[in-house]
Amino acid sequence: MKHLEFDYVIVGAGSAGCVLANRLSASGKHTVLLLESGGSDARFWVKVPLGYAINVQNPAVNWGYQTAADPGLNGRSTSWPRGKLIGGSSSINAMTYMRGLPVDFDDWEAAGARGWGWDTVRAVYDTAETHSELQDFGRQTRGDGPIHVTDLSDQMSPFSRVFLDAAAEAGYPVIKDLNASDTDGISYYRSTVRNGFRWSSADAFLRPAQRRTNLKVLRNADVDRLILDGARVTGVALQQRGAPQIVKARKEVILCAGAINSPKLLQLSGLGPAEVLRAHGIDVVRDLPRVGRGLQDHLAVSYQFKAKTPTLNNILGRRLGRLRAGMQYLATRKGPLAVPVNQVGGFVRTAPNITVPDIQLYFNPVSYGLSASGDVTVDATPGYQISAQPCRPTSTGTIEISSPHAQDAPIIQPNSLETDDDKAGAIAASKVLQRFARTASLRAVTSEAKAPDLMEMDDTSLLQDFQNRASTVYHPTCTCRMGRTVQDSVLDEKLRVHGVSGLRVADASAFPNITSGNTNAPTMMLALRAAALILEDA
Ligand SMILES: Cc1cc2nc3c(=O)[nH]c(=O)nc-3n(C[C@H](O)[C@H](O)[C@H](O)COP(=O)(O)OP(=O)(O)OC[C@H]3O[C@@H](n4cnc5c(N)ncnc54)[C@H](O)[C@@H]3O)c2cc1C
């Protein structure tokens, strides 16, 4: 068995892990090992923005998790893809870039994560981003950070303009940049795309660091568990292509395995709810009742309509159209393949007395069918889709190991729509979609609804339909949350595991609460601050 030794060992080369690998190795003073279960991200459909639809189902780049039967979703077991390759989920996600609302981070601070309020995290975002924006006089860049965020509205389907017209007509502000604004509004989404290619966390952070001799990256390296000496973590046990290895961490192990696998690894290592560990014959090193508890995710419901005017279906639903789009992309890195699926959207309030936006919207100028196995077939005739997601659900779920064996998937129980607030949120979200569908702007371009017909539904049937069809927006978080004590959290405000030394968790599982929007940007921000905290302590 091989034995390696590094100052810092990072588990998982995803959105967070790539950031940490870069920042912890930057000074050259520390040796850093980055361990990734998956393989290379040098794949055509990972790089092409529209390839998203393919990667979501591809087992070669995806953990392909399936939830337990979820009572709130009428007992449905739903698909939860997570990236399993360099870049992690940032290499297979839909690339929508959303910082989150200021209130999300002020709530982090209020939950005990001191130093994570909006004013602090905004400064981190400001230095991390470069925006490529469209001005009246052409394209301009703002900022000089490693995360490239691009306004692709010049590449989008002309149909997407209708969504903005509908928003204005429905009384929602139409704004220029959802990340610049502290308020609600609808806009063209900006994406982590650069020069026509996906710009993952690996592109932003790992690639520029890989020439450093003090950083080593091991792919196809499955970490099985942490190695502990009492309550101090001293390393990890892993298998690389079936060969067992032990890696020693002189300073710290940093778990960046994501919101499903970080709590799983803690539990497998004897750090978790005592009753869960004992049920699987695992010795309890520390009883940490919140490990794997408090899971939060976003759910969205979508409705599709047939359109009277051309949409992306006129191109992507037809062989010749796909061929032309493919040739355009290969020749210019532009056109329909260069733009992610979510073109327009933003945040709205469902009632004037609500102080912050409570629904996020997604509008796509394309309609499609999904097979039972999740394969996407784009309709041959024009259509579009409108979707809504409650921003801050209050129901919480769990991640629990299913056995003491690292190779077995954990049990994911989302407990969706458990609270009355979340049921009301589901109805409110669907009613916002009805409000959009009723606008003259959308009615003018719509020939008929694809089943089920949103406009035919009252509150009861809206909720039933949400329960029958809503699906994850792929944002699991909070399964090792930061907080104050071992009773309310897993981590302190410096992301150290309560009562355990030599160990931090720095990924989406550390969120004290889910942010209102998409979770990739806040995960990279969290990792940037985590690196600063680790280096301060070093
Ligand atoms: C299909 C999809 C679409 C999404 N769309 C968007 C979007 O448009 N915008 C947005 O903001 N967010 C989106 N998200 C969410 C966002 O990408 C995630 O919140 C974010 O990437 C989470 O980062 P992470 O570092 O916590 O985990 P990940 O990026 O998932 O990284 C975890 C890494 O750890 C590795 N790993 C796990 N276990 C082990 C182990 N035992 N040993 C070694 N390595 C291990 C994994 O293979 C993975 O590479 C989407 C996610 C998915 C899956």
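This text goes with the structure placed above it.
Residues numbered from 1 in each chain as written. Predicted model: local features only at pLDDT ≥ 70, side-chain atom pairs only at ≥ 80, totals over all residues.

J.: In this structure, what is going on with the site of the ligand? I would like to understand it.
T.: Taken together, the neighbourhood of the ligand is formed by 43 residues, with Gly12, Gly14, Gly88, Asn518 and Asn520 sitting nearest. The dominant element in the shell around the ligand, judged by the number of residues it contributes, is helix H8 (residues 258-268), at 4 residues. Looking at the shell around the ligand, its residues break down into 19 nonpolar, 19 polar and 5 charged. (Near = placed C-beta within 6 Å. Helix = DSSP H or I, 4+ residues; strand = E, 2+ residues; numbered from the N terminus. Nonpolar A, V, L, I, M, F, W, Y, C, P; charged D, E, K, R; others polar.)

J.: Can you help me understand the sheet that holds strand E7 (residues 147-151) in this one?
T.: Sheet strands pair via backbone hydrogen bonds, and the direction of the pair is either parallel or antiparallel. Reading across the sheet, the 4 strands line up as E6-E5-E7-E9 and stay open at both edges, with mixed pairing between neighbours. For this open sheet the edge positions go to strand E6 (138-142) and strand E9 (190-191), each flanked by a neighbour on one side alone. Sheet topology places strand E5 (residues 129-135) next to E7; 4 bridges connect them, and they run parallel. By the bridge assignment for E7, Glu129 is matched with Ile147. (Pairing = 2+ DSSP bridges.)

J.: Looking at this model, I keep getting lost on the sheet that holds strand E25 (residues 397-400). Mind explaining?
T.: Pairing is antiparallel across the open sheet formed by 3 strands, whose spatial order is E18-E25-E26. Looking at the sheet topology across the chains shown, the edges are occupied by strand E18 (293-295) and strand E26 (411-413). With strand direction ignored, the average angle separating the axes of adjacent strands in the sheet is 35°. In this structure, E25 lies alongside E26, joined through 3 bridges in antiparallel fashion. For Glu400, the partnering residue across the bridge sits in E26 and is Ile411. (Axes fitted to C-alpha atoms, helices over the stretch in contact; angles between N-to-C directions.)

J.: What is the right way to read the packing of helix H5 (residues 118-128) against helix H15 (residues 520-537) from this model?
T.: The relative placement of two packed helices is expressed as an angle between their axes plus a distance between the axes. Close contact between H5 and H15 brings their axes to 10 Å; oriented N to C, the two are set at 100°. Judged by the angle between their axes, H5 and H15 are roughly perpendicular. Between H5 and H15, the contacting residues are Val121, Val124, Tyr125 and Ala128 on the first element and Met524, Met525, Leu528 and Arg529 on the second. Class assignment for the residues of the contact of H5 with H15 results in 7 nonpolar, no polar and 1 charged. (Parallel < 35°, antiparallel > 145°, perpendicular 65-115°, else oblique. Contact = placed C-beta atoms within 7 Å.)

J.: Just checking my understanding: could you explain the packing of helix H12 (residues 420-437) against helix H14 (residues 459-469) for this structure?
T.: Closest axis-to-axis distance for the H12/H14 pair is 9 Å, and the angle between their directions is 105°. Taken together, H12 and H14 sit at an angle that is classed as roughly perpendicular. For the pair H12 and H14, the contacting residues are Lys423, Ala426, Ile427, Ser430 and Lys431 in the first and Asp459, Leu462, Leu463 and Phe466 in the second. Across the contact of H12 with H14, the residue classes tally to 5 nonpolar, 1 polar and 3 charged.

J.: What am I meant to see in unusual backbone geometry here?
T.: A negative phi angle is the norm for most residues apart from glycine, just as the trans form is the norm for most peptide bonds. The peptide bond linking Ala451 to Pro452 adopts the cis configuration, its omega dihedral lying at -5°. Position of Pro452 among the secondary structure elements: in the loop between strand E27 (446-449) and H14. Here the phi dihedral of Asn195 falls at roughly 50°; this positive angle occurs in a residue that is not glycine. Topologically, Asn195 is positioned in the loop between strand E10 (193-194) and strand E11 (197-198). The exposure class of Asn195 is exposed, given the 11 C-beta atoms found within 10 Å. Unusually for a residue other than glycine, Leu417 sits at a positive phi of about 55°. For Leu417, the location among the structural elements is in the loop between E26 and H12. (Buried ≥ 20, exposed ≤ 12 C-beta atoms within 10 Å, placed from the backbone.)

J.: I'm lost on H5 in this one. Help?
T.: Residues spaced three or four apart along an α-helix point in a common direction, a consequence of the helix completing one turn every 3.6 residues. Buried residues of H5: Trp118, Val121, Val124, Tyr125 and Ala128, and no others. For H5, the buried positions fall inside an angular range of 125° around the axis, keeping them on one side. Away from its buried face, by an angle of more than 90 degrees, H5 presents the exposed residues Asp119, Ala123, Asp126 and Thr127. Where H5 is buried, its residues contact helix H4 (102-110), E5, E7 and H15. (Arc of directions from axis to C-beta.)

J.: Help me out: how do you make sense of H8 in this one?
T.: In terms of burial, H8 is largely enclosed, as 11 of its 11 residues are buried. Here H8 has its buried residues at Gly258, Ala259, Ile260, Asn261, Ser262, Pro263, Lys264, Leu265, Leu266, Gln267 and Leu268. Backbone geometry just after H8 places Gly270 at a positive phi near 85°.

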